[in-house]
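Chain by chain, the residues:
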Amino acid sequence: EIRFYDSYYEAYVGFDSDENENRAFSILFNFITGANTLSDGSNNNQVDMTTPVKLDMTTPVKLDMTAPVKLDMTAPVKSSYSGMSFVMPADFNPEIKPDSDRVEIKFVEPQKMAVISFSGFAGEKKSERKYKELEAVLIDNGISFEDGYFTAVYNGPYTLPFLRKNEVWIKVKD
């Protein structure tokens, strides 16, 4: 599916090489729940939580390859995503400034996106498979697109997997 998105603001946190999504989510959540200041000096401004939460794979973080590959499930797994963003509500006041210098408020220009939806958990492997699937459809149909993708997650962590809504977005060139 091809969608047109109007412009919007997003709060973005880039990942450090040793971080994962949980840390970025925490920083963004603190921003929307009051870790911010308005230009008039007032602080603790609440910003509504909206969906989706976006994970950015347009500029992947490079990780050194080592052997053997081992996942320690007792500690958070490093992510190859380069950042996470919360889409701000339509009535967001861009004069609200984050207290953390890690949070960047970005204005996103109107854009055209190719989208594929899927349920379950939006892990990197599943998102990558959906990206490849969508990429193949775009190539087969002669549609030009930019490298990389975003994973859009619409549900909280306690939503049953079969009820979850996730999407992979690829920016379509005009």
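Preceding this section is the structure that the text describes.
Reference entry: report on the structure contained in this document. The shown structure was predicted, so the numbers you read here are calculated from the model rather than taken from an experiment.

### Notes on the nonpolar core
Judged by nonpolar contacts, the single largest core of 18 residues is most densely connected at Leu-28, Phe-31, Met-84, Phe-86, Met-88 and Val-103. The set of elements that each furnish at least two residues to this core consists of strand 2 (8-14), helix 1 (21-32), strand 4 (53-56) and strand 5 (83-87). Counting residues per element, this core draws most heavily on helix 1, at 5 residues. Not counting residues up to four positions away in its chain, the partners in contact with Phe-31 are Ala-11, Asn-36, Asn-45, Met-88, Phe-92, Ile-96, Lys-97, Pro-98, Val-103 and Ile-105.

### A closer look at unusual backbone geometry
The residue after Thr-51, namely Pro-52, is reached through a cis peptide bond having omega 5 degrees. Relative to the elements of secondary structure, Pro-52 occurs in the loop between strand 3 (36-37) and strand 4. Residues other than glycine seldom take positive phi values, yet Asn-44 does so here, at roughly 60 degrees.

### Observations regarding the environment of Ala-152
Residue placement: Ala-152 occurs in strand 9 (residues 150-153). In this structure Ala-152 comes out as buried when scored by relative accessible area, which is 0%. Here the alpha-carbon distance between Ala-152 and Ala-122, two residues 30 residues apart in the chain, equals 8.5 Å. In this structure, Ala-152 is in contact with Pro-52, Val-53, Lys-165, Asn-166, Glu-167 and Trp-169, ignoring residues within four places of it in sequence.

### Looking at helix 2 (residues 124-140)
The end-to-end C-alpha distance of helix 2, which contains 17 residues, comes to 24 Å, matching closely the 24 Å that a straight helix rising 1.5 Å per residue would cover. Inspection of helix 2 places Ser-127, Lys-130, Tyr-131, Leu-134, Glu-135 and Leu-138 among the buried residues, and these make up the whole buried set. Down the axis of helix 2, the smallest arc covering the buried residues is 140 degrees, so these residues share one side. Exposed and facing more than 90 degrees away from the buried side of helix 2 are Lys-125, Arg-129, Ile-139 and Asp-140. In this fold, the buried residues of helix 2 make contact with strand 1 (2-5), strand 8 (111-118), strand 9 and strand 10 (166-171). Remark: Gly-142 follows helix 2 within two positions and exhibits a positive phi of approximately 65 degrees.

### Considerations on the pairing of strand 8
With 6 of 8 residues buried, strand 8 lies mostly within the body of the structure. The pairing of strand 1 with strand 8 spans 4 bridges and is classified as antiparallel. Bridge pairing in strand 8 places Phe-4 opposite Lys-112. Here strand 8 pairs with strand 10 via 6 bridges, running antiparallel. For Val-115, the partnering residue across the bridge sits in strand 10 and is Trp-169.

### Some details on the sheet that holds strand 1
An order of 1-8-10-9-4-5-2-7 is seen for the 8 strands of this open sheet, with the pairing classed as antiparallel. The sheet terminates laterally at strand 1 and strand 7 (103-108), the two strands that pair on one side only. Ignoring strand direction, the axes of neighbouring strands in this sheet form an average angle of 30 degrees. Sheet analysis places strand 2 next to strand 5, joined by 5 bridges and oriented antiparallel. By the bridge assignment, Ala-11 is partnered in strand 5 with Phe-86. Strands in contact with helix 1 are strand 2, strand 4, strand 5 and strand 7; relative to strand 5, the strand with the most contacts, it is inclined by about 30 degrees. Helix 2 contacts strand 1, strand 8, strand 9 and strand 10 of the sheet and is inclined by roughly 125 degrees relative to strand 8.

Definitions and limits used
Residues numbered from 1 in each chain as written. Predicted model: local features only at pLDDT ≥ 70, side-chain atom pairs only at ≥ 80, totals over all residues. Heavy atoms only, no water. Core = buried A, V, L, I, M, F, W, Y, C linked by side-chain atoms within 4.5 Å. Buried < 20%, exposed > 50% of the residue type's maximum accessible area, 1.4 Å probe, protein only. Helix = DSSP H or I, 4+ residues; strand = E, 2+ residues; numbered from the N terminus. Contact = heavy atoms within 4.5 Å. Expected span 1.5 Å × (residues − 1). Arc of directions from axis to C-beta. Pairing = 2+ DSSP bridges. Axes fitted to C-alpha atoms, helices over the stretch in contact; angles between N-to-C directions.

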